[in-house]
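# Structural characterization, general
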Amino acid sequence: MLIKTASDIRSSEITPKSLYLNRRRLLAGAGGLLLAQSAFAAKIANVKKSPLSTTEAITPVGDATSYNNFYELGTSKAAPAQNAARLKTQNWKVKVEGACNKPMTFDMDGLMKLGAMEERIYRMRCVEAWSIVVPWIGYSLSNLLKAVEPTAKAKYVSFETFYDPGSMLSSAAGGIEFPYREGLRLDEAMHPLALLTFGMYGETLPNQNGAPVRLIVPWKYGFKGIKSINKIRLVEKEPSSTWKMSNPSEYGFYSNVNPQVDHPRWSQGSERRLGEFSRRKTLMFNGYADQVASLYAGMDLKKNY
Ligand code: MTE
């Protein structure tokens, strides 16, 4: 009788081939997850606390990093964290072009040097009526815009998310058009509260929250906070934005948080803070009215929703 020792037995003999290939894929996936988590673990140095921070209770990090909207990585709230490793952030470049004297392509080191890093604890109110309070890390977007010197023709800024059709959802599967696009009026983009964001909770952004660089515009609904930006363009006309393109009667260009203008399918009068049970009232401009209301003086905010 021939007895095989363990080293003689090939795994293909004891495991059906499909299972064994699946196991290899699983292991590769676990490796990817570890990589994604180690990217999250990078500390950002020399961060100053900002006087623009709210003193409200901070949302637990686990809530803010596991309940997300990032349709390129899946349309459920859990999918972006589960599929985080599909977003490859190595050798990331951000191209800034259009109506400016100094168009430039930045690598992350160059981009992160354009302003002094601050921790800003901001409220973020999603259009779906949940909200979070997060210690974001970044600097005012105005630092980047000033560096490229907008010309007199620059009236708006448009932003685009990196899109890899090979590893991300198709537009048909996502239900919105990719690459994801957003835009701001130039004066909104130059407002000190508009934050070019590189980190949260002391560390670089995890992929599901928009690594390596995203926007946070705290007085607007969360969908204006475009993630994983790789293109910025200064333009003369109001740029197209993904949610407005998908459903213009439900989502406008401005999308300022406004409890008096309901979404056609639900009230915007209140919200649920992640980690809490009772609802709270939603505030005009998400509580930032003192700082930003003057940007919209004389505008009908019911029409310009
Ligand atoms: N950016 C891209 N590229 N893709 C998206 O699907 N979702 C937006 C915004 N930025 C989204 C995006 C929406 S609807 C919200 S509420 C916020 O990201 C959520 O940010 P968070 O997951 O960090 O809380």
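The shown structure was predicted, so the numbers you read here are calculated from the model rather than taken from an experiment.

## Side note on the pattern of salt bridges
Tallying each qualifying case throughout the model produces 20 salt bridges. The residue R273 makes a salt bridge to E56 at a minimum N-O spacing of 2.7 Å. On the criterion of sequence distance, the pair formed by R273 in strand β12 (residues 270–273) and E56 in the loop between β1 (48–49) and α3 (61–64) is long-range, its members being 217 residues apart. The class of R273 is buried, set by a relative accessible area of 4%.

## Re the nonpolar core
Core analysis: the biggest nonpolar cluster contains 74 residues, and L111, L141 and W219 have the highest contact counts within it. It is strand β5 (residues 130–140) that contributes the most residues to this core, 6 residues altogether.

## Quick notes on the pairing of strand β8 (residues 195–200)
For a regular strand, side-chain orientation follows a simple rule: the groups alternate between the two sheet faces. Here β8 lies mainly inside the structure; 6 of its 6 residues are buried. Bridge count for β5 against β8 is 5 bridges, and the pairing is antiparallel. The partner of S140 across the bridge, within β8, is L195. Judged from the 3 bridges that link them, β8 and strand β10 (residues 214–216) form a sheet pairing that is antiparallel. Within β10, the position partnered with L195 by the bridge is I216. In this structure, β8 lies alongside strand β9 (residues 203–204), joined through 2 bridges in antiparallel fashion. Bridging from a neighbouring strand, G199 pairs with T204 of β9.

## Quick word on the environment of N68
Following the sequence through the fold, N68 ends up in the loop between α3 and α4 (79–82). Distance from N68 to N209, taken between C-alpha atoms, is 7.2 Å for residues 141 residues apart in sequence. Aside from chain neighbours lying at most four places away, what touches N68 is S76, K77, P80, Q208, N209 and K227. Looking at N68, its side chain comes within polar contact range of the main-chain nitrogen of S66, at 3.5 Å.

## As for the side chain of R125
Within the secondary structure, R125 is located in strand β4 (residues 118–125). The residues touching R125, leaving out its near neighbours within four places in the chain, are W130, S131, K220, Y221, G222, V257, Q268, S270, E271, T282 and N286.

## As for the site of the ligand
Within the structure, the ligand sits among 18 residues, and N68, Y71, E72, R214 and K227 are positioned closest to it. Between the ligand and G225 there is a distance of 2.9 Å, counted from a nitrogen atom to a backbone nitrogen or oxygen. Within the side chain of K227, a nitrogen or oxygen atom sits 2.7 Å from an oxygen atom of the ligand. Burial of the ligand by the protein chains amounts to 99% of its free accessible area of 540 Å². Split by residue class, the shell around the ligand holds 9 nonpolar, 6 polar and 3 charged.

## Observations concerning the packing of aromatic side chains
Scanning the entire structure with this criterion turns up 12 aromatic pairs. Ring plane angle 35° and centroid distance 5.3 Å describe the contact between Y163 and F178, whose orientation is recorded as tilted. Separated by 15 residues along the polypeptide, Y163 in the loop between β6 (156–161) and α7 (171–174) and F178 in the loop between α7 and β7 (181–185) bring together distant segments of the chain. On the accessibility criterion, F178 (6% relative accessible area) is buried. An angle of 15° between the planes, with centres 5.5 Å apart, marks the rings of F285 and Y296 as stacked.

## Some points on unusual backbone geometry
Backbone phi values are negative for most residues with the exception of glycine, while trans is the configuration of most peptide bonds. Of note, the amide linkage connecting F178 to P179 takes the cis form, showing an omega dihedral of 0°. The omega angle of the peptide bond from A211 to P212 is -5°, so this bond is cis rather than trans. Along the chain, the position of P212 falls in the loop between β9 and β10. With a phi close to 75°, A129 is a non-glycine residue in the positive phi region. Structurally, the position occupied by A129 is in the loop between β4 and β5. Despite not being glycine, N286 shows a phi value in the positive range, around 55°. By the element assignment, N286 lies in the loop between β13 (279–281) and α10 (289–292). Classification of N286 as buried rests on a relative accessible area of 2%.

## Examining the sheet that holds strand β3 (residues 104–107)
Sheet strands pair via backbone hydrogen bonds, and the direction of the pair is either parallel or antiparallel. An order of β3-β2-β11-β6-β7 is seen for the 5 strands of this open sheet, with the pairing classed as mixed. With one partner strand each, in any of the chains shown, β3 and β7 form the two edges of the open sheet. The average angle at which neighbouring strand axes cross in this sheet is 15°, direction not considered. The pairing of strand β2 (residues 93–98) with strand β11 (residues 229–235) spans 4 bridges and is parallel. Within β11, the position partnered with G98 by the bridge is L234.

Calculation rules
Residues take numbers from 1 onward in each chain, read along the sequence in its written order. Under the rules for a predicted model, residues below a pLDDT of 70 receive no local features and side-chain atom pairs below 80 are neither given nor counted, while totals for whole chains, interfaces and linings still include all residues. Hydrogens are left out, water is left out, and the side-chain values use all remaining heavy atoms of the structure. The salt bridge criterion pairs a side-chain nitrogen of Lys or Arg with a carboxyl oxygen of Asp or Glu, the two atoms within 4 Å. Secondary structure elements are taken from DSSP: a helix is a run of H or I of four residues or more, a strand is a run of E of two residues or more, and numbering for both begins at the N terminus. In this scheme, a residue with accessible area under 20% of its type's maximum is buried, one over 50% is exposed, and one in between is partly exposed, where area comes from a 1.4 Å probe on protein chains only. Among the buried residues, those of types Ala, Val, Leu, Ile, Met, Phe, Trp, Tyr and Cys that are joined through side-chain atoms within 4.5 Å form a nonpolar core. Here, strands pair whenever DSSP counts at least two bridges between them. Any two residues having at least one pair of non-hydrogen atoms within 4.5 Å are treated as being in contact. Within 3.5 Å is the distance limit for a polar contact, defined as a pair of N or O atoms, with the added protein rule that one can donate a hydrogen and the other accept it, and that residues adjacent in sequence qualify only through two side-chain atoms. It suffices for a single heavy atom of a residue to lie within 4 Å of a molecule or strand for the residue to be listed as near it. Note that accessible areas follow from Shrake-Rupley with a 1.4 Å probe, and for residues the cover is restricted to the protein chains shown. Note that Gly is not counted as nonpolar here; it falls among the polar residues with everything else outside the nonpolar set of Ala, Val, Leu, Ile, Met, Phe, Trp, Tyr, Cys and Pro and the charged set of Asp, Glu, Lys and Arg. Two rings from Phe, Tyr or Trp (for Trp, the six-membered ring) form a pair when their centres sit within 6.5 Å of each other. Planes less than 30 degrees apart are called stacked, planes more than 60 degrees apart edge-to-face, and all others tilted. Where helices are involved, their axes are fitted lines through C-alpha atoms of the stretch in contact, as for all axes, and angles between N-to-C directions lie from 0 to 180°.

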